[in-house]
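Architecture and fold: a report
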Amino acid sequence: MVTLSRGASVPALGQGTWYLGDAAAIYEREVEALRAGIEAGMTLLDTAENYGDGRSERLVGEAIRPYDRSSIFLVLKVMPSNAYGTRLMQSLDRSLSHLGTDYLDLYLYHWRGERPLAEMVTAMEEARAAGKIRAWGVSNLDTADMEELWAVDGGRNCAVNQVLYHMGSRALTTVFCRGCGSTMLLSWHTAPLAQAGQLSCDLLGNGVLREVAARHGATPAQIALAWAIRDGNTIVIPRTGCKEHAVSNAGADAFDLTAEDCAKIDRAFPPPMRKESLHIE
């Protein structure tokens, strides 16, 4: 479990939903996958208003319908164009309707837009005061953005920064987030397994990862996830539409990597030694 700055305790392993809900032919299979993950302990579900123009939100709403709402931790991202003034509340209400709930556990500013961060903070705080969100955070903000946010009145109420994070992509933004004390990390949906985007680096086919996995009796995917949550301060949200994979992902927290394991992984995927731009795909 990871404790957020606002006091909530959430699973270190959650479920992402990017691209889920888009195909009617596999809709029920995806619902089953999300429910299998929930049953296996991955009760944190992450989605966004722009995923499939609301289709992902509706999928999540259907998946969580049989469960006590208080047992589910819902994370939603709002686009920058809707993250200020009355637009945020309007967008939030639309998303809540899609999800079939009256509140979010965590609301994230999806990426850095052109408007001042202070406007986003004000709108987020108003939504929290109205009881429609329990906490708020950001996504895809680099170190300079986070430093700017920290200087805004109320900016330190930010609970998380959701960034791309895996063995092959760990920009020094993560150092800022870990050092600031009240911001956690959430890695992107396929990012913990490095299976998407320009930085895809075939983690699961890497010989070192396979060696570590064999020693622990785990799959390479489980070791990649176990590595990502090793510090107790990081939440990962792998995405899958397959219930068997969801159950396997949920089992990753059973594996404790040794210092030797982590050293071998660092040699195979060296961490950055100087500041670099935050990777977003």
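Structure first, text after, so check above.
Note that this is a predicted model, so its numbers are computed, not measured.

A word on the pairing of strand β5 (residues 106–109). Both faces of β5 are covered, namely the face carrying L106 and L108 and the face carrying Y107 and Y109. In this region the chain leaves strand β4 (residues 73–78), passes through helix α3 (residues 85–99) and returns to the parallel neighbour β5; the handedness of that crossover is right-handed. As judged from the three bridges shared by β5 and strand β6 (residues 136–139), these two strands associate in the parallel manner. Residue pairing for β6: Y109 is matched across the bridge by V138. After leaving β5, the chain enters helix α4 (residues 117–129) and then returns to the sheet as β6, a path that is right-handed.

To continue, consider the side chain of E30. Of note, E30 is situated in helix α1 (residues 27–39). No salt bridge is formed by the buried E30, whose closest oppositely charged neighbour, R29, lies at an N-O distance of 5.9 Å. Every residue in contact with E30, bar those within four places of it in the chain, is listed here: Y19, L20, G21, D22, L59 and G241.

Along the polypeptide, V31 turns up in helix α1. A C-alpha to C-alpha distance of 8.6 Å links V31 and G21, two positions ten residues apart in sequence.

Now for the packing of α3 against α4. α4 packs onto α3 with a crossing angle of 45° between their chain directions and a minimal axis gap of 9 Å. When the axis of α3 is compared with that of α4, the two are oblique. Between α3 and α4 lies a crossing of right-handed hand. Note on element contacts: α4 touches α3 through A123, M124, E126 and A127, opposite G85, L88, M89 and L92. The residue makeup of the contact of α3 with α4, split by class, is six nonpolar, one polar and one charged.

What counts and what doesn't
Residues numbered from 1 in each chain as written. Predicted model: local features only at pLDDT ≥ 70, side-chain atom pairs only at ≥ 80, totals over all residues. Heavy atoms only, no water. Buried < 20%, exposed > 50% of the residue type's maximum accessible area, 1.4 Å probe, protein only. Helix = DSSP H or I, 4+ residues; strand = E, 2+ residues; numbered from the N terminus. Right-handed = clockwise from strand over helix to strand, strands pointing away. Pairing = 2+ DSSP bridges. Lys, Arg positive; Asp, Glu negative; His and termini not counted. Salt bridge = Lys/Arg side-chain N within 4 Å of Asp/Glu carboxyl O. Contact = heavy atoms within 4.5 Å. Axes fitted to C-alpha atoms, helices over the stretch in contact; angles between N-to-C directions. Parallel < 35°, antiparallel > 145°, perpendicular 65-115°, else oblique. Left-handed = near helix turned anticlockwise from the far one by under 90°. Nonpolar A, V, L, I, M, F, W, Y, C, P; charged D, E, K, R; others polar.

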